[in-house]
Amino acid sequence: MTTAAVGVPEELHARVPAEQRGPGLDRDDVRLLVSRGTEVSHHGFAELPGLLRAGDLLVVNTSPTLAAAVDGTVGHARVVVHFSTRGDDGRWAVELRDPDGGGTTRARAGGPAGTEVRLPRDVRLVLEEPLSERGERLWWARTSSSALAGVLREHGRPIRYSYTERDQPLSVYQTVFALPSEDGAGSAEMPSAGRPFTARLVAELVSRGVQFAPVVLHTGVASAEAHEPPYPERFAVPEASARLINAARAGDGRVIAVGTTAVRAVESAAGSDGVVRAREGWTDLVVTPERGVRVVDGLLTGLHEPEASHLLMLEAVAGRAAIDRAYEAAGGARYLWHEFGDVHLILPEVPPSKVPHTEHCGSNCR
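Keep in mind that what you see is a predicted model, and the values were worked out from it rather than measured.

**Things to note about helix H5 (residues 239-250)**
And then number 1: Between its terminal C-alpha atoms H5 stretches 16 Å, which fits the 16 Å expected from 12 residues at 1.5 Å a residue.
And then number 2: In this structure, the buried side of H5 is in contact with strand S3 (57-61), strand S11 (211-217), strand S12 (233-237), strand S13 (255-258) and helix H6 (260-268).

**Overview of the packing of aromatic side chains**
And then number 1: Applying the stated criterion across every chain, the model contains seven aromatic pairs.
And then number 2: Here Phe45 and Phe197 contribute two aromatic rings whose centre-to-centre distance is 5.1 Å and whose plane-to-plane angle is 85°, an arrangement assigned as edge-to-face. Pair noted here: Phe45 is in the loop between strand S2 (39-44) and helix H2 (48-51) and Phe197 is in the loop between helix H3 (148-155) and helix H4 (199-207), with a separation of 152 residues, a long-range link. Judged on exposure class, the residue Phe45 and its partner Phe197 are both buried.
And then number 3: Plain terms: the ring middles of Tyr327 and Trp337 are 6.0 Å apart, the flat faces sit at 70° to each other, and that makes the pair edge-to-face. In this pair, Tyr327 is assigned in helix H8 (residues 320-332) and Trp337 in the loop between H8 and strand S16 (343-347), connecting sequence segments 10 residues apart. Per residue, the accessibility class of Tyr327 equals that of Trp337, and both read buried.
And then number 4: Grouping aromatic residues by their ring pairs yields a cluster made of Phe45, Phe177, Phe197 and Phe212.

**Observations concerning the pairing of S11**
On a regular strand, each side chain points to the face opposite its neighbour's, so the side chains alternate between the two faces of the sheet.
And then number 1: As defined by bridge partners, S3 adjoins S11 across five bridges and the pair is classed as parallel. Among the inter-strand pairings, Val60 is bridged to a residue of S11, identified as Pro214.
And then number 2: In the sheet, S11 pairs with S12 via two bridges, with the strands oriented antiparallel. Bridge pairing in S12 places Leu217 opposite Phe235.

Analysis parameters
- Residues numbered from 1 in each chain as written.
- Predicted model: local features only at pLDDT ≥ 70, side-chain atom pairs only at ≥ 80, totals over all residues.
- Heavy atoms only, no water.
- Helix = DSSP H or I, 4+ residues; strand = E, 2+ residues; numbered from the N terminus.
- Expected span 1.5 Å × (residues − 1).
- Contact = heavy atoms within 4.5 Å.
- Phe/Tyr/Trp six-rings, centres within 6.5 Å; stacked < 30°, edge-to-face > 60°.
- Buried < 20%, exposed > 50% of the residue type's maximum accessible area, 1.4 Å probe, protein only.
- Pairing = 2+ DSSP bridges.

Here it is as structure tokens:
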């Protein structure tokens with residue numbers, strides 16, 4: 001039975017970033033599990049340039065991570081507000097959580113409408129309506145002040161989950177690809193598949209002919225308890241990136257998404273003909289094995305818990321047998337999970353007759 005089927009053992013939770021686990025370590029000092037169909041091999045992330053080839057295209061999410069957790073009060077009760085998604089009308093989708101006394105939070109019943117939350121700077125947040133009919137975890141809320149940006153900047157901190165060891169500065173949650181948004185929007189949770197990249201590694205990839213296509217998808221707050229499918233999220237695929245993706249598909253390059261967020265953005269901009277067109281707005285797309293993928297050939301992603309809806313996307317890219325085999329291998333080799341953990345590269349399966357001898361040996365002789 002795979003680790004994905006039985007849950008993640010406590011000792012396999014990545015509690016601190018790689019660069020804090022020992023002297024001289026950097027972000028790319030994590031392990032890399034590579035899947036080609038049901039064939040797996042084990043690498044260090046710094047070996048990524050040798051696993052890709054000239055003409056491959058990495059689709060990266062440039063959304064910055066927000067300091068999205070803010071302390072507040074409801075009446076006399078202390079709460080933590082997780083700011084999830086900024087709406088077009090200025091409201092925010094938020095989740096109210098109870099502090100657990102250990103620096104993280106636990107679930108709290110949502111609502112009711114009219115609930116007022118007092119934040120620092122005497123900013124008031126009023127819950128108006130549930131974000132979705134699926135449940136009342138996330139609510140649309142309106143602030144009574146224009147000072148919310150300052151509250152997030154001065155009093156916010158990155159959302160932290162109970163498996164982590166301690167609070168971290170916001171810089172730890174920014175990827176090398178993150179760019180500030182003009183309207184202050186960003187991701188409530190880090191697009192973590194991009195975290196192991198360093199400027200040095202990006203430069204090496206470029207020097208080997210690997211290209212990058214930036215997209216944006218601002219991620220909302222995940223459900224730590226229920227593992228709900230994602231809610232609608234804001235995304236943008238620029239014209240230049242659409243052209244790069246289509247050119248790679250027309251040639252011999254492979255389109256490899258860095259993270260499930262990049263998959264969601266690109267697949268939301270793809271027509272039924274598989275052509276990607278510049279597009280921005282909101283996407284409610286959930287990629288499943290039944291829907292499949294139209295554009296993405298491969299995926300670089302973290303390791304997801306068995307209840308996570310992201311696993312359906314992985315199955316859409318690689319198939320159930322490949323994902324089961326990969327998670328069995330990751331569990332057996334003691335890979336680390338979550339946003340500070342190890343990563344998984346899913347590449348297209350290559351028929352044995354087309355595998356060069358050197359690559360075949362490199363995958364099996366380590």
